[in-house]
Structures are given as C-alpha cells and as structure tokens.
Amino acid sequence: MKLPTDTSNPVVRFIRSFWAPTTRSMRGWALASVVVNAGITVTGAGVRVTESGLGCPTWPRCTPDSFIPVAHPEVSPLNMAVEFGNRLLTFLVLAVGIACWLAAVRMRPRRASLVRLAWLQPIGIIAQALWGGLVVNTMLNPFTVGMHYLISSGLIAACWMLYARAGEGDGPARLITHRDVRRLGHALLAAVFALLVIGVGVSGTGPHSGDEMASRFDLDIEAVARLHADIAYVVVGLTFALLFALHVTGAPRAARRAALALLGVELLQGVIGYTQWFLAVPAALVLLHVLGSTLVWIAALRVTTSLRSRDPEPSSVSPSPTEAAAVV
C-alpha cells in the first residue's frame, strides 16, 4: 500500500518536510539553517576582503534612491554587486529559519523546547539584518562589524542546539560521560568563544576593513595577534585534554569522534592563521580563516552536545501522525 508520506513529486515532499514534519525532516531543516548561517558569515567576510563593505552606501536601500543596484559615480559596480548579493542571501537564511519554525510548530506532538529554539531563528535573523544596517550607517565601525560576526555565531549556536535537541527527547539531561569531563567540554566551548572574540579584535585592527573610509581599532596589531595565538594554544590544549579524558573514561564513540574532528579543524585553522600572518594577511587567506573559525565553532558545539543526552518524557513517547503512518 502506498503510504501517505510517499510521493514521487519533489515539490510535495519539500512542502511536507515542514508542513507535516518528521523528526528526520525537522533535523534536516535545523542542519540546513546551520549551513546557511555559516555560509552568510563567510560571504560577509568576502564583502569585507573585497573592499565592498560600502558597495551599497545606504540601508535599507542600496543607493539613496533605489533598493536595487544602480549606477553610482562613487561606487564600483563590482563592489555594489558583491554587497547587494550578500544582502540578498539574508532572504535565503530567513526562509530557512521560517521553515525551521514551521516544522517545529507543526510537529505532533508539539515540543515546546523545539518551538522556543526555532523562534530564535527568524527573530535573530531579522535582528541581524537590522544590525547590518547599523554597520553601514556607522561606516563599517570595527565594533559594529565585529558584533555582526558574533551575532552570527550566536545564531549558529541556536541552530545547532535545535538540530541536537530535535534528535533527543525532552526528559532531563542525562550524562553519558563523567560530570568532570562534561565540565571540561563546557570550558573548551567558552575558550573557543573567547578565541572568536579576540579574533574579532584582530580583524578590527588589521587590514581589510571593508572600505578605505572605515575606521580601525587603535590597538597594537602584533600584541592582539599574539593574544589570539595564546588563546588558540589554550583551546588546542583543552581539546587534547578532553580527548584524553574521553579515551580513559571509555566515553561513547560519538563523543570521541566529535572531539577528534574538532582537533583536526583547529590544527588546520592554525596552519592557515600562521600562513596568513607570514604572508602579510592576503585577502584569500583571511576568507579561509573566517571559514575555519566558523567550522571550529560548529565543531566545538558538536562536542558539547555529544557529552549528554535526553530521554523522551513518558507523555511524549508517541510518534507524530506522519511518523505513525510511516510505520504502519
């Protein structure tokens, strides 16, 4: 018998993925949101390293009299296209965020924990877009630019938590490692976030401001870069310690693999960082470094969520109607 969830029509399957969601499709949308938020973080760095930060010199309009790019005597057409293209990506990120919210609301039985996390996406994306307007109106002030990146990091964390929680129940958190190992994981996550914050300081002090009119932090670039490197060493050391602790305590394989993946991304990021420093910070490596920092953050979030689990609550063990139909 053909199941209600079966269809060869990709459009119907797409609509059902958020209108009649299963746990699998809910997690799929959450993971898609992680990807698009990470992607727009990297493309935002692309705007900066191509000196396109003021390619659209006004907000919300691209130019004072148009929402779309038009010839402007003071702005390069290429820079305008790069900046406007990044603005358009916001609509894709928002669409994915709305799909996540719809899937969470339409889940049966509805899980309040997923709905709360899903709400953070459309709200956060709109707030991020408004902050982007502030970035333009402050002529790419390094503080507003840095906060733009950190807000994106917060959105990525919310998306990852939605992905992780969608695969768990709503019961109390259950440790699958020793509690001190989990505390070490939390310390590692805090250290990674500190690394991102200091990285923003390095970025706001060095070259590639996004436009020649943009201001810079009045800091010693060498001192800030050394502090950034010192915190990176702390992060790598904590990762080694966590890997060792997971091994000696016989932690689940998923947790050990997550920590190993984090270490691998950290080491690659270190190679990129030192290379760009010794090559006088070329734009292409800056872009790659931002990609690496985003992957380090996602990998650290993955490690943290791999150290605990949640069982279903007794009242929420029944599947949704769509999942029940798929089992019949």
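Residues numbered from 1 in each chain as written. Predicted model: local features only at pLDDT ≥ 70, side-chain atom pairs only at ≥ 80, totals over all residues. Heavy atoms only, no water.

**Considering the pattern of salt bridges**
Phase 1: Within this structure, the stated rule accounts for eight salt bridges.
Phase 2: Its salt-bridge partner being Arg 308, residue Glu 168 comes within 2.3 Å of it at the nearest N-O pair. Here the residue Glu 168 occupies a position in the loop between α5 (142-166) and β1 (173-175), and Arg 308 occupies one in strand β2 (residues 308-310), the gap between them amounting to 140 residues.
Phase 3: Residue Glu 168 is classed as buried on the basis of its relative accessible area of 13%.
Phase 4: Salt-bridge contacts for Arg 226 lead to Glu 222; the nearest nitrogen and oxygen are separated by 2.7 Å. Of the two residues, Arg 226 and Glu 222 both sit in helix α7 (residues 221-248), four residues apart, roughly one turn of that helix.
Phase 5: A relative accessible area of 54% means that Arg 226 is categorised as exposed.
Phase 6: With relative accessibility at 36%, the residue Glu 222 sits in the partly exposed group.
Phase 7: Salt bridges sharing common partners tie together Arg 111, Arg 165, Glu 168, Asp 170 and Arg 308. (Salt bridge = Lys/Arg side-chain N within 4 Å of Asp/Glu carboxyl O. Helix = DSSP H or I, 4+ residues; strand = E, 2+ residues; numbered from the N terminus. Buried < 20%, exposed > 50% of the residue type's maximum accessible area, 1.4 Å probe, protein only.)

**Let's talk about unusual backbone geometry**
Phase 1: The linkage connecting Trp 59 with the following residue, Pro 60, adopts the cis geometry, with an omega of 5 degrees.
Phase 2: Structurally, the position occupied by Pro 60 is in the loop between α2 (23-49) and α3 (77-106).
Phase 3: The phi dihedral of Glu 51 is positive, around 60 degrees, even though this residue is not glycine.
Phase 4: Structurally, Glu 51 can be placed in the loop between α2 and α3.
Phase 5: Unlike most non-glycine residues, Leu 140 shows phi in positive territory, near 60 degrees.
Phase 6: One can find Leu 140 in the loop between α4 (112-137) and α5.

**Looking at the nonpolar core**
Phase 1: Met 26, Leu 162, Leu 246 and Trp 297 are the most contacted members of the largest nonpolar core, which has 63 residues in total.
Phase 2: Among the elements of the structure, α2, α3, α4, α5, α6 (179-205), α7, α8 (253-278) and α9 (283-305) are those that each provide at least two residues to this core.
Phase 3: Of the residues forming this core, the biggest block, 11 residues, is contributed by α5.
Phase 4: Excluding its chain neighbours within four sequence positions, the residues that come into contact with Trp 297 are Ser 153, Ile 156, Ala 157, Leu 189, Val 192, Phe 193 and Leu 196. (Core = buried A, V, L, I, M, F, W, Y, C linked by side-chain atoms within 4.5 Å. Contact = heavy atoms within 4.5 Å.)

**Some details on the state of the cysteines**
Phase 1: In the structure shown here, the tally under the stated rule is one disulfide.
Phase 2: Paired through a disulfide, Cys 56 and Cys 62 show a sulfur-sulfur distance of 2.1 Å. Around the S-S axis, the bridge from Cys 56 to Cys 62 shows a dihedral of about -70 degrees and counts as left-handed. The two residues Cys 56 and Cys 62 agree in class, both being buried.
Phase 3: As a non-bridged cysteine, Cys 159 has Cys 100 as the owner of its nearest cysteine sulfur, 6.5 Å distant. (Disulfide = S-S within 2.5 Å.)

**Concerning the environment of Ser 203**
Phase 1: Tracing the backbone through its elements, the reader meets Ser 203 in helix α6.
Phase 2: Linking Ser 203 and Thr 305, residues 102 residues apart in sequence, is a C-alpha distance of 29 Å.
Phase 3: Apart from residues lying up to four places away in sequence, Ser 203 is in contact with Arg 48 and Arg 216.

**Some thoughts on α4**
Phase 1: Spanning 26 residues, α4 covers 38 Å between terminal C-alpha atoms, matching the ideal 38 Å at 1.5 Å per step.
Phase 2: Two residues or fewer after α4 comes Met 139, characterised by a positive phi angle close to 55 degrees. (Expected span 1.5 Å × (residues − 1).)

**Comments concerning the side chain of Gln 269**
Phase 1: Within the secondary structure, Gln 269 sits in helix α8.
Phase 2: Within polar-contact distance, the side chain of Gln 269 engages the backbone oxygen of His 289 at 2.9 Å.
Phase 3: Not counting chain neighbours up to four residues away, the residues in contact with Gln 269 comprise Leu 288, His 289, Gly 292, Ser 293 and Val 296. (Polar contact = N/O pair within 3.5 Å; in protein donor to acceptor, adjacent residues only side chain to side chain.)

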